[in-house]
Amino acid sequence: MTTFALQTHSLVKTYGLGRKQIRAVDGLSLNVPEGSIYGLLGRNSAGKTTTIRMAMGLARPTSGSIEVFGLNPAKDPERVTVLQQVGYVPEGKASAGGTARKLLELNRSFYPDTWSDDLARKVVRRLELPLDTPSIKLSLGNKTKAILACAIAQRSRLLILDEPTTGLDPVALDALLRLLVEDCTAEGRTIFLSSHQLAEIEQIADHIGIMDRGKILLEGPLDDIRANFRRLTVTGSALPTSSPSILSTKRETHATQYVIQRDPEAFTEDLIRNGATIVDSSPLSLNEIFLELCRTAESRDEVLV
Amino acid sequence: MSFSSQLILVFAIFAPIFIFIIVSNLKVRRKNRQQELEGDVPPPPFEPASEPPPGIFLRRFNQAQRVYLRAQRATARFGGLYAAWIFFVLLSCGLLPQSVDRYGIDQSLPQRVWFSYLSDFATVGGVCGIIALVTSFIALSNLVSISSASFIRTRPLTLRFLFWARIGPALASLLAALIIAAACSFLLLLALYGPVWKHLFENSNSVPVALAPPVQHIAHSNFAPVILSTSVQHAGTKMVFLGSHGHIQAMHLVASLQTSPLRLFLSGITTTLLIFSIVAVLITLRGHFQRIKLITIMFVWCLVLFFEASVMIGGLTSPRLARTLFLYASPGSPPPYAFALIPLLLSIAFLCLAQFQATRLET
């Protein structure tokens, strides 16, 4: 039976009142399996950070529920139990100030049962984090590294990273991704990271959730998603215009291009049975899947408006 | 206060900041020079020291709480020391010769010193308000700001603990600063002038009541006004003749005799608590009230400044309001002790409200 590190059910979060009300998260249902590397993807203002803030007990859901290891993070003392098991890198990368060394020392004391000095030293070395530079003099990249070092070295059951690559150079980014895969998941820990940098997520994530305008558009294991999505270029007459398998249709001069979101083999067989010719069949990259989903959702919303 | 006294006052208040900046700069320069001499030495690896054994007070908390409390205590100690210095300077500047003679009236030295000391003690109430405002702002703004609070609010500590662990040391350091400054200034008064409050009748035209002229005679004479008072060192009631132009002298002497230093001190504490707690409520405003937060804080700031100005000018605050809130801002008749409970209870209520707001999540 799959156990979940993080789960949300019909989660809603609104800000503001009356006409100015913003629905940051709109009926979100997420399932983050324990031991997975889960990438939450979405455009700006998709609701990723708001979801994470609710998971970290920083914001209260307007309705619906959110659970971290089956506990409610919005309520003390359950919140404290949640926070003992979660490492967090916030979007703003704001910390307690001082030098990275002081920050590590401070954070170490909060997690005496799980903290590893060896892992802290390893992260510092790999990320080339300057330990004794005051926080106000640190670049954004080095601030990110300091917070990452704290979160990784505390060896929590769940690591929540909100845009963890902000300001990191390619070398540091590579080192970070290696650290996450080698040291975090090897011990069965769960990593939940949000980003709109698809390439880096694709490198390490095994589960994906794609959000747009507060809603989840797609969720599941990355391999299954890749297997389900396919671009078909088809010629023939009486081609279908709608089907649960079709995500989008693009009619060109001599052919029709389908983006299929589920069961591409069955859909292809149906097309061939109906006399269509498959000119091309190619898998979609995560980036293409993301773009197709976002565009389709946007055009659907425009039709509704 | 004379111009030279004001200059000394301003210089003395800001001197620790200048010294701190100069010393820090020197340290940085020395460190840089040392690094230049040594060349590129790699920084020492991350080798954290183990936690020192907790004292009696910290023993009851878990390690995470102890660490947080230690950090707060260190900050509070630093702030408290500076606040104590400011209070001490303000309380002691009344002992400067220029301040003692600032009214230019013909009184004995003990009378002038004691009145000057009490006057400055009273004005410190307003300063307490300003320092309480700043302290409350510093203590709580990092706990409720969405961006900067996300680190500490996601550590395994209850929100209630986070709030009181910030409020407690800040408030304690502020009150300790006031107590230390009051004690030190009083010791300075004793060292410089001795127990002046015991010598308020010396060198004044006082005679035992039995030897005093009849009241009708006094009323038509040039010796006005007349004070009846009980002197501690001279048994029995005495009559004090202040001279023909002595109404200011009389006011000062009456004020000196009526003023209760203990209640002045208590008023400083209640004012500090009240302003601190009001600002705490304003800073922790969340959600829809957040927009008006800055405006209201500015408003309270103006109120405190107005109060300060009214203390200096005198008579601007409503006597009833001052009495009700135990604001004892000038030497003279003290408010009854019972009224101190009003600001005290209000402060507790405001702090509870601030805690309720600070422990709420983003809505």
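Our structure is the block above this text.
These numbers come from a predicted model, not from an experiment. (Residues numbered from 1 in each chain as written. Chains lettered and ligands numbered in written order. Predicted model: local features only at pLDDT ≥ 70, side-chain atom pairs only at ≥ 80, totals over all residues. Heavy atoms only, no water.)

Draft legend 1. Molecular detail of the overall build of chain A. Helix and strand counts for chain A stand at 10 helices and 14 strands. Counting every position in chain A, which comprises 305 residues, the buried fraction comes to 53%. Sequence-distant contacts, at least 24 apart, represent 69% of the contacts inside chain A between residues at least 6 apart. For chain A, the accessible surface area stands at approximately 13600 Å², while carbon and sulfur atoms represent 49% of it. (Helix = DSSP H or I, 4+ residues; strand = E, 2+ residues; numbered from the N terminus. Buried < 20%, exposed > 50% of the residue type's maximum accessible area, 1.4 Å probe, protein only. Contact = heavy atoms within 4.5 Å. Areas by Shrake-Rupley, 256 points an atom, 1.4 Å probe, with all protein chains shown as cover.)

Draft legend 2. Representation of the pattern of salt bridges. Residue and element names in this part refer to chain A. For the structure on display, the rule yields 22 salt bridges over all chains. For Arg 121, the salt bridge identified is with Asp 118, shortest N-O distance 2.8 Å. On the criterion of helical spacing, the pair formed by Arg 121 and Asp 118 is a turn pair, its members being three residues apart in helix H4 (residues 117-127). By relative accessible area, Asp 118 is classed as exposed at 55%. (Salt bridge = Lys/Arg side-chain N within 4 Å of Asp/Glu carboxyl O.)

Draft legend 3. Quick peek at the interface of chain A and chain B. The partner chain B presents 29 residues to the 41 residues of chain A that form the contact. Across the chain A-chain B interface, the total number found is one salt bridge. The partner of Glu 47 of chain B in a salt bridge is Arg 121 of chain A, with the nearest N and O atoms 3.5 Å apart. At the junction of chain A with chain B, the criterion picks out nine residue pairs in polar contact (both at pLDDT 80 or more). Broken down by secondary-structure element, the contributors of at least two residues to the side of chain A that touches chain B are strand S1 (4-15), helix H2 (78-84), helix H3 (100-110) and H4 of chain A. (Polar contact = N/O pair within 3.5 Å; in protein donor to acceptor, adjacent residues only side chain to side chain.)

Draft legend 4. Region of interest: unusual backbone geometry. Residue and element names in this part refer to chain A. Residue Pro 77 is bonded to the preceding Asp 76 through a cis peptide linkage, with omega at 0°. Within the element layout of this structure, Pro 77 appears in the loop between strand S5 (63-68) and H2. One non-glycine residue, Ser 10, adopts positive backbone phi at about 45°. Within the secondary structure layout, Ser 10 lies in strand S1. The backbone of Arg 155 shows a phi angle near 45°, a positive value even though the residue is not glycine. A residue is classified by how much of its surface remains accessible, and Arg 155, at 31% relative accessible area, is partly exposed.

Draft legend 5. Inspection of the sheet that holds strand S12 (residues 246-251) of chain A at higher detail. Residues and elements named next belong to chain A. Read across the sheet, four strands follow the order S12-S13-S11-S14 without closing on themselves; strand pairing throughout is antiparallel. With partners counted over all chains shown, the strands left at the sheet margins are S12 and strand S14 (277-283), one partner each. On average, each strand axis in the sheet is tilted by 20° relative to the strand beside it, whichever way the strands run. Relative to the sheet, helix H9 (residues 264-273) contacts strand S11 (230-235), S12, strand S13 (256-260) and S14, its axis offset from that of S11 by approximately 0°. (Pairing = 2+ DSSP bridges. Axes fitted to C-alpha atoms, helices over the stretch in contact; angles between N-to-C directions.)

Draft legend 6. Seen up close, helix H6 (residues 170-184) of chain A. Residues and elements named next belong to chain A. For H6, which comprises 15 residues, the first-to-last C-alpha distance of 20 Å matches the rise-based estimate of 21 Å (1.5 Å per residue) to within 8%. Those residues of H6 not exposed but buried are Ala 172, Leu 173, Ala 175, Leu 176, Leu 177, Leu 179, Leu 180, Asp 183 and Cys 184. In the core, the buried residues of H6 are packed alongside H4, helix H5 (140-153), strand S7 (158-162), strand S8 (190-195) and helix H7 (198-204). Residue Asp 169 occupies the N-cap position of H6, its side-chain oxygen lying 2.9 Å from the main-chain nitrogen of Val 171. (Expected span 1.5 Å × (residues − 1).)

Draft legend 7. Local environment of the sheet that holds S8 of chain A. Residue and element names in this part refer to chain A. The six strands lie next to each other as S6-S7-S8-S4-S9-S10, forming an open sheet whose pairing is mixed. For this open sheet the edge positions go to strand S6 (86-89) and strand S10 (215-221), each flanked by a neighbour on one side alone. For this sheet the average axis-to-axis angle between neighbouring strands, irrespective of direction, equals 15°. Looking at chain direction, strand S9 (residues 207-212) and S10 are connected through six bridges and run antiparallel.

Draft legend 8. Expanded view of the pairing of S8 of chain A. All names here are of chain A. With six of six residues buried, S8 is to be regarded as a mostly interior element. Taking every second residue as pointing to the same face, both faces of S8 are buried, with Thr 190, Phe 192 and Ser 194 on one and Ile 191, Leu 193 and Ser 195 on the other. As judged from the five bridges shared by strand S4 (residues 37-42) and S8, these two strands associate in the parallel manner. Of the residues in S8, the one forming a bridge with Ile 37 is Ile 191. Sheet topology note: the S7/S8 ladder contains five bridges and is parallel. From the neighbouring strand, Leu 158 faces S8, where its bridge partner is Thr 190.

Draft legend 9. Region of interest: helix H2 (residues 63-92) of chain B. Taking 1.5 Å as the rise per residue, H2 of chain B with 30 residues should run 44 Å; its terminal C-alpha atoms sit 42 Å apart, in good agreement. Taking the backbone nitrogen of Ala 64 of chain B as reference, a side-chain oxygen 3.1 Å away marks Asn 62 of chain B as the first, capping residue of H2 of chain B.

Draft legend 10. Layout of the nonpolar core. Counting 128 residues, the largest nonpolar core has Leu 180, Ile 208 and Phe 229 of chain A together with Tyr 68 and Phe 87 of chain B as its most contacted members. Per element, the largest residue contribution to this core is 16 residues, and it comes from helix H4 (residues 109-144) of chain B. Setting aside residues up to four positions removed in sequence, Tyr 68 of chain B forms contacts with Phe 110 of chain A together with Leu 143, Ile 152, Leu 157, Phe 161, Leu 162, Ala 165 and Arg 166 of chain B. (Core = buried A, V, L, I, M, F, W, Y, C linked by side-chain atoms within 4.5 Å.)

Draft legend 11. Structural context of the environment of Asn 287 of chain A. Residues and elements named next belong to chain A. Among the structural elements, Asn 287 can be located in helix H10 (residues 286-304). Residue classification places Asn 287 among the partly exposed residues on the basis of a relative accessible area of 38%. Considered as a pair, Asn 287 and Glu 202 are 85 residues apart in the sequence and their alpha carbons are 8.9 Å apart.

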